[in-house]
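Working through the structure, step by step
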Amino acid sequence: MSERAETFAANVPNRWRIAAAGVVMQLALGAVYAWSVSREPLVKSFGWSISQVTLTFSISIFVLGFAAFLGGLWMRRAGPRVVGMTAGVVYGIGVAAASLSANKLWVLYLSYGLLGGIGLGLGYIVPVATLVKWFPDKRGLITGLAVAGFGAGALVTAPVATRLIQSFGPLTTFAVLGITYLVLVVGAASMMSNPPEGYRPPGWEPSAAQQAQRAKRDFSLSEALRTWQWYALWAVLFLNVSAGIAILSQAAPMAQEITGVSALAAAGLVGIISIANGAGRILWSWLSDAIGRRQVFLIMYLLQAVIFFLLPQTRSFSVFTLLCAVVLLCYGGGFGTMPAFATDYFGPKEVGSIYGLMLTAWSFAGVFGPLLIARVREATGSYTNALYILGATLLVASLLPFALRPPRTEVDESLKAAPARG
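Given the structure is predicted, the values throughout are model-derived calculations rather than measurements.

Moving on, we come to the overall build of the protein chain. Helix and strand counts for the protein chain stand at 19 helices and zero strands. Computed over C-alpha atoms, the radius of gyration of the protein chain comes to 22 Å, within 12% of the 22 Å expected from 2.2 N^0.38 for 422 residues, which places it in the range of a compact globule. Taken across its 422 residues, the protein chain has 55% of its residues classed as buried. For the protein chain, the share of sequence-separated contacts (at least 6 apart) that also reach a separation of at least 24 residues comes to 84%. For the protein chain, the accessible surface area stands at approximately 17700 Å², while carbon and sulfur atoms represent 66% of it.

And the structure:
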């Protein structure tokens, strides 16, 4: 590290403090996963259908992926603090403006759906892209912690939002939550900053195994898009999200149909797998630091493939819950591990835009997975074929992480120097 970098590193806040701020940002942003507690109150208050209200959430998640890409591009010029604080303002205003949607469904779509989704995407990429630069020694663990905050957002928000809705109704609740999110995200984002160029934690040097799985230089976005590895990573994320979100979208009715439990018991399953979603983001990303990102995705794919073949035959609710929880562990694990995977292959300098664009896989998977399982269920009258399709897809797709290697970053000098033969 240069003398300038050492001086800078000695005077910046502890990197774990920046990590804590990133987790706070993600907790506030991840509150979007608590959308379901608003669904029934909105349906009852304004006579909208379940699908009409649910579309608000779908718009938010779809927009999130594309906004994350734009946020990553913007971070290259403006830095993480400006992008993060803007995200907090847009997200907070979007949620608060939903309080004006009484009998105006289009206002709900534009406020919570579109504006909220833009704020979510701009904000989501900031801690992820920033923290991998501060923690080159713990890329998997730190990105897992950051996105675990997003996964846990609903656990914190759902009970609070429920109490507020019971006391004041859904529209006032949107106003209160929107202002709260704005304060939390803007405050946490104000602590975001990039480390100096070439920053390394004192005393740390990458191991030979880490060096073998990391790019030798930083790629630009255009360079990354000229490698087959970027598209392979996009596909790996897309398939993993599709599988997990398919279960997430149908967990309660599927449990009732396959195991015969009551609606109340099935509702408890949703809470359990939500915890698994958050835990998987830390567990698998931490493991990826030890055994490698490729190996983690290979294990997750094969594990899920087996589970999807077992689920239709499972009559025990407790076993069914355990299997679904493992799938959601893997779902969360994909979000926790992929930022580090992308950083390993393309370097940390432009990971905001490179991984930001990769998050469009989340946008498309959020539509594809639930639609696939719902349509097959409607066409066949059971979930069996849909689960078998997902299992077979993951089994074949396990070839992707098995085949992945870091992109070549330079031409072999020995080949260039070798005299022509013929």
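Moving on from the model shown.
Tallied over the entire structure, the rule returns eight salt bridges. Glu223 serves as the salt-bridge partner of Arg217, at 3.2 Å between the closest nitrogen and oxygen. Note on Glu223: relative accessible area 26%, which makes it partly exposed. With a shortest N-O distance of 2.7 Å, Arg377 and Glu257 are connected by a salt bridge. Of this pair, Arg377 sits in helix H16 (residues 360-380) while Glu257 is found in helix H11 (residues 228-259), placing the two residues 120 residues apart along the sequence. Of the residues examined, Glu257 reaches a relative accessible area of 34% and is grouped as partly exposed. Salt bridges sharing partners connect three or more residues here, namely Arg139, Asp289, Arg293 and Asp344.

Its location among the elements puts Glu378 in helix H16. Taking relative accessible area as the criterion, Glu378 reaches 62% and is therefore assigned exposed. Between the C-alpha atoms of Glu378 and Arg77, which are 301 residues apart in sequence, the distance is 48 Å.

Our focus in this paragraph is empty space enclosed by the protein. This model, assessed by the stated rule, comprises one cavity of 30 Å³ or more. Taken as a whole, the largest cavity spans an internal volume of roughly 80 Å³. Residue lining of the largest cavity: 13 residues in total, with Ala34, Ser38, Tyr112, Leu177 and Tyr181 positioned closest to the centre. For the lining of the largest cavity, the secondary structure elements donating two or more residues are helix H3 (36-46), helix H7 (139-168) and helix H8 (170-189). Of all the elements, H8 adds the most residues to the lining of the largest cavity, at four residues. In terms of residue class, the lining of the largest cavity is made up of ten nonpolar, three polar and no charged.

Look at helix H14 (residues 317-346): 43 Å from first C-alpha to last across 30 residues, which is about the 44 Å you get at 1.5 Å a residue. Along H14, the largest kink reaches about 35° and is centred on Thr337; proline Pro339 follows within four residues of it. Burial analysis of H14 places 25 of its 30 residues in the buried class, the great majority of the element.

Counted by the stated rule, this structure contains 23 aromatic pairs. Taking the centre distance of 5.3 Å and the plane angle of 50° together, the rings of Phe62 and Phe66 count as tilted. Of this pair, Phe62 and Phe66 both sit in helix H4 (residues 50-78), four residues apart, which is roughly one turn of the helix. On the accessibility criterion, Phe66 (34% relative accessible area) is partly exposed. Linked through ring pairs, Phe62, Phe66, Trp234, Phe238, Phe364 and Phe368 together constitute an aromatic cluster. It is Arg217 that lies over the ring of Phe219; its NZ or CZ is 4.6 Å from the centre. The aromatic ring of Tyr383 is capped on one face by Arg377, whose charged end is 5.5 Å from the ring centroid.

Residue position: Thr360 is located in helix H16. Within the structure, the side chain of Thr360 is placed 3.0 Å from the side chain of Trp234, a separation counted as a polar contact. Residues contacting Thr360, with those up to four places away along its chain left out, are Gly65, Phe66 and Trp234.

It is worth spelling out the layout of surface pockets at this point. Regions of empty space are outlined by a rolling probe, equal in size to a water molecule, passed over the atoms. In this structure, the largest pocket spans a volume of roughly 1400 Å³. Along its surface, the largest pocket is lined by 38 residues, and Ser36, Thr54, Phe57, Leu248 and Ser249 are the ones closest to its centre. Counting only elements with at least two residues in the lining of the largest pocket, the list comes to H3, H4, H7, H11, helix H12 (263-291) and H16. Counting residues per element, the lining of the largest pocket draws most heavily on H4, at eight residues. Class assignment for the residues of the lining of the largest pocket results in 24 nonpolar, twelve polar and two charged.

Rules behind the numbers
- Residues numbered from 1 in each chain as written.
- Predicted model: local features only at pLDDT ≥ 70, side-chain atom pairs only at ≥ 80, totals over all residues.
- Heavy atoms only, no water.
- Helix = DSSP H or I, 4+ residues; strand = E, 2+ residues; numbered from the N terminus.
- Rg over C-alpha atoms; globule rule 2.2 N^0.38 Å.
- Buried < 20%, exposed > 50% of the residue type's maximum accessible area, 1.4 Å probe, protein only.
- Contact = heavy atoms within 4.5 Å.
- Areas by Shrake-Rupley, 256 points an atom, 1.4 Å probe, with all protein chains shown as cover.
- Salt bridge = Lys/Arg side-chain N within 4 Å of Asp/Glu carboxyl O.
- 1 Å grid on protein atoms, 1.4 Å probe; cavity = no way out; pocket = protein on both sides within 12 Å on 5 of 7 lines; lining within 4 Å.
- Points joined across faces, edges and corners; volume = space filled by probe spheres on them.
- Nonpolar A, V, L, I, M, F, W, Y, C, P; charged D, E, K, R; others polar.
- Expected span 1.5 Å × (residues − 1).
- Bend = angle between axes of the 7 residues up to and from the residue.
- Phe/Tyr/Trp six-rings, centres within 6.5 Å; stacked < 30°, edge-to-face > 60°.
- Lys NZ or Arg CZ within 6 Å of the ring centre and 35° of its normal.
- Polar contact = N/O pair within 3.5 Å; in protein donor to acceptor, adjacent residues only side chain to side chain.

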